Structures are given as structure tokens and as C-alpha cells.
Amino acid sequence: MLDRRFITEQPDVVRASLTKRNADEGTLSALEQIIEMDQHRKSVNTETDELRATRNSLSRQIGPLMQQGKRDEAEPLKAQVKAQGDRLAALETQLKELEESQTALLMTIPNLLDERVPAGTSEDDNAVLRTWGEPKPLDFEAKDHHDIGTELGILDFPAAAKISGARFSVLTGAGARLERALINWFVDQGIDNGYREVMVPYIVSRSAMTGTGQLPKFEDDAFKVNHDVAGEDAFLISTAEIPVTNLHRDEIISEDDLPIKYVCFTPCFRAEAGSYGKDTRGLIRQHQFHKVEMVKIVTPESATEEHESLTRNAEELLQALGLPYRTMVLCGGDVGFTARICYDIEVWLPGQGAFREISSCSHFGDFQSRRAKIRYRRSEGGKPVLAHTINGSGLAVGRTLVAILENYQQADGSVIVPDVLRPYMGGLDRITAVE
């Protein structure tokens, strides 16, 4: 959430960011309403302050008059004090309603974009920062992961459909083991890079979802749970970012303890109401999938470098796996609601003949920490300061499995296991068809 004072004091900066985001009319209208409400709020506050001062002055006169037996003079003053008290109560109710309405509108305004974000309207306008590796030429027609996995007997989509419907999968044998190998290797690499491993709940409260910006905007994309948690609505997590970031909600952290770096494996659940008809075949877009997430809580001064280093950590995983990729900086029209700037790492998939996203590494500034009240106290003292938050996939497990199947497929239908994963696969170096 943006700072209300910043919005009202520098509305042109916010308008420019929204324009760069290609924001819709509803969002632009919400900005103007916030500004108008703030003027109204200020006038209510001014009237409230004046009434309080007048009431206090009158109240001070009543006591001496009563002591002097001048009831006739005191009674009109008492009537004025009562009337002013009633007006103050009405103003306080009005102010509370104004602040609630303004906060609701603030929740709909996306983060300010970093000046490095290029202009553009869609993913077609994203800019390539760097590339690594070259797609390996195949002397046979490349298959996609759906056909490779099905023919090897390690992916079973009909079984998943029978249990749960579309956009679910069942992995068996070497497929299941490869998924588990990737999870363990990703987490181990995170630990080696100085991240602290955590295991967190997969069901979170409405407050937690709101704290990281999933709510209220993306409620239709979330799986809601029938039972409450902590007296609130409950949701299945769409990413480990939610519970991990909220570990420090409502906390004041010592600057000496920053940066805080976490690596966390979780299943993730996304209804993705707006994406039906896209990627219906295979593992690319699932309602349930696995991901290893990297989350950082940092000072504003170190945030840019910490974002860059987190992105490098994700890229190093693909390099170790020998998977060609490119790193993109998302344009204004493609940056997510909560991010100031986002790098998408896209892996090459020969079966699709295209690069596809495998990790998004986002810097949120203080957008999430203002919502979640994550602050730190500087070493030299002073008032607590909002921290900055950063996260990125390290990596999306299912999409990495897709990339391995497609990039390491062989003419005979088998798939070579990347060297770094073989110790996690019991030494298996090749996946062959189940007899």
C-alpha cells in the first residue's frame, strides 16, 4: 500500500506511475477519490479541533459560574457544550467512515514503478537484460513435456482429472522422484547461499493475504477455505511469499538483524480465474504446484543490490542445470500490482519453441511492509522505519521439470538426468520408459 501522505502531496508522481502501468479508469478514479477524501478529512479534522477548543473553553467557564450560583448563565453554556459534544461525536463517526473508505481505495492502488521499468503495454514490450546458454540443436523433432512424460509413464493427467479435474497432475516413478529431487536441491542451494530454511503453514488468514497484497484485488484467484483461522477468512496460499513475509508482521526488527533471508518450499494453489483457456495442456499452468521461494527483508539502502543478488541466485540454479534462459525486465504494463520492479527469468522449452517464465524476482519497496507493519530500528536509534521486501522463485519446481524433460530429451524417448540432480535421484542418470 502506498503512503496516503505521499499520494496527496505528490499526486502527479502517482498519476505518472499509473499511466506507465496502463491503469484502468477505475484505478485512476480511485486516485482522485483518495485526494478528494483527504481534503474532506482535513476539513473535518479542522472543524473537530475548533469544536474541541471551543467546548473546552466553555467547560472551563461553567464550573466557576455554578460555584457562584449563576445557574441561569451556566445553563446556556451547558447546552452549547452538549450540542458541541453531539456534533463532535458525529464528526468522529464521519472521520472514521472517511478513513475506512480511503483505506479501501488505497488498497486498490498499485505500487509506484521504479524508474528503471521500461514503458510498454504487455509482455511483448518486456526488455531482455541478459541471456545465458544456447538452445541445443536436436537431430529429431522435439516433443513437448506432456508427450514425453506420458510416453515415459511418469506423468498421468487422466488419473489427476479423475480425482480432481482439469489443471492437476499425477507424477509417478522417476517423475515423482525428479520433482522431489528438484525441491531438495533447490532448498539446499538456498541454504548454501545464506538463506535460512523455514517450513510454514499452507493455510493463512485474510490479514496475511492482505499484508502481502494478494487481497483484496486477487481474491477471485484464490482458493478460499470453508473454516476460519484466527477468527478470519482462510485461504490456501498461492505462494510461500505470503506466510514467509508475514512471519515478521507487526514487528520492529533490529537493523543488525537485516538482511533476513529465507528459503521455503511449499505447495501453491491458484484458481487463476482469469486464465482459463491458457496452457490447458501439461504442467505449465496448474491449480496446484510446488515452488521453492526466496524471501528477503532488507533496508531501503541495500534493497536494489539484494534484489539483484536474489535474481542471480535463481539464475545460478538454471546454469547448474544447464538450461538456457533469458532474464527480462518487465515493462510498465506487465509489472505485478505489488512490485516496483520485476525480473522474469524465462527458460527455453524446445517442445514449445519458446521461452517461458520459470521465476519472477520482485522488489516491493515498502509496499508490503506498510500493509503488514514490518519495521526496523536503525542502529543509531530513532523512530522505526519501514523495511523493504523482496522475493523470487528459486525455482518453480514443475516448470523446471518441464524444462528438463524438453531440453534433455533423447531420440529414443529417454531423458538424461542433469548431473547435479543425480545424487538426489539415487544415482539415476537416465529416465526410460516404464516397462
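So, here is what we can say about the structure in this document. (Residues numbered from 1 in each chain as written. Predicted model: local features only at pLDDT ≥ 70, side-chain atom pairs only at ≥ 80, totals over all residues. Heavy atoms only, no water.)

### So, the overall build of the protein chain
Heads up, the condition is: To qualify as a helix, a DSSP run of H or I must reach at least 4 residues; to qualify as a strand, a run of E must reach at least 2; elements of each kind are numbered from the N terminus. Throughout, radius of gyration means the C-alpha value; the globule benchmark is 2.2 Å times the number of residues raised to the power 0.38. Accessibility here uses a 1.4 Å probe with only protein chains present; expressed as a share of the type maximum, an area under 20% marks a residue as buried, one over 50% as exposed, and anything in between as partly exposed. Residues are treated as being in contact if the distance between any of their heavy atoms lies within 4.5 Å. In these tables, accessible area is a Shrake-Rupley quantity obtained with a 1.4 Å probe, and a residue counts as shielded only by the protein chains included in the view. We score Asp and Glu as negative and Lys and Arg as positive, and we do not count His or the chain ends. For the purpose of locating charges, the reference atoms are NZ of Lys, CZ of Arg, CG of Asp and CD of Glu.
If you tally the helices and strands in the protein chain, you get 12 helices and 16 strands. Relative to its length of 435 residues, the protein chain is extended, with a C-alpha radius of gyration of 28 Å against a globular reference of 22 Å. Principal-axis analysis of the C-alpha atoms places the extent of the protein chain at approximately 110 × 45 × 45 Å. When the 435 residues of the protein chain are sorted by exposure, 48% land in the buried category. Counting only contacts in the protein chain whose residues sit at least 6 apart along the sequence, the fraction spanning at least 24 positions is 74%. Split by element, the accessible area of the protein chain, about 20500 Å² in all, is 48% carbon and sulfur. Measuring between centres, the 50 positive side-chain charges of the protein chain sit 5 Å from its 67 negative side-chain charges.

### Brief notes about the sheet that holds strand S10 (residues 341-349)
Keep this limit in mind: Strand pairing is defined by DSSP finding a minimum of two bridges between the two strands. Axes, fitted as lines to C-alpha atoms, cover a helix only where it is in contact. Angles between the N-to-C directions of the axes lie from 0 to 180 degrees.
Read from one edge to the other, the open sheet built from 8 strands follows the order S1-S9-S10-S11-S14-S8-S7-S2, with strand pairing classed as mixed. In the strand order of this sheet, the two ends are held by strand S1 (127-132) and strand S2 (196-197), each with one partner. Bridge analysis of strand S9 (residues 325-329) against S10 gives 5 bridges, and the strand direction is antiparallel. Each bridged residue has a counterpart across the sheet, and for Val 329 the counterpart in S10 is Tyr 343. Against the sheet, helix H10 (residues 303-321) engages S1, strand S8 (288-298), S9, S10, strand S11 (354-363) and strand S14 (388-396), with an angle of about 5° to S14. Of the strands in this sheet, S8, S10, S11 and S14 are in contact with helix H12 (residues 397-407), which crosses S14 at around 40°.

### Section: the sheet that holds strand S13 (residues 385-386)
Strands sit in the order S6-S12-S13 across an open sheet of 3 strands; the sheet is mixed. Of all the strands in the sheet, the pair left with one neighbour each is strand S6 (251-254) and S13. Bridging between strand S12 (residues 374-377) and S13 involves 2 bridges; their strand directions are antiparallel. Across the sheet, residue Tyr 376 finds its bridge partner in S13, namely Val 385.

### Quick word on the packing of aromatic side chains
So the rule is basically this: Aromatic contacts are taken between Phe, Tyr and Trp rings whose centres are within 6.5 Å, Trp giving its six-membered ring; a plane angle under 30 degrees counts as stacked, one over 60 as edge-to-face, and the others as tilted.
One pass over the structure, following the stated rule, counts 5 aromatic pairs. Taken together, Phe 218, Phe 337 and Phe 367 form an aromatic cluster joined through their ring pairs.

### Overview of the packing of helix H7 (residues 174-192) against H10
Rules: These descriptions rest on fixed angle ranges, namely under 35 degrees for roughly parallel, over 145 for roughly antiparallel, 65 to 115 for roughly perpendicular, and the rest for oblique. By the definition used in this description, the sense in which the near helix is turned from the far one sets the handedness, with an anticlockwise turn below a right angle giving left-handed and a clockwise turn giving right-handed.
Direction vectors running N to C along H7 and H10 enclose 130°, while the axes themselves pass 11 Å from each other. Relative to H10, H7 is oriented oblique. Here H7 and H10 pass one another in a crossing that is right-handed. For the pair H7 and H10, contact is made by Leu 182, Trp 185, Phe 186 and Gln 189 and by Leu 317, Ala 320 and Leu 321, respectively.

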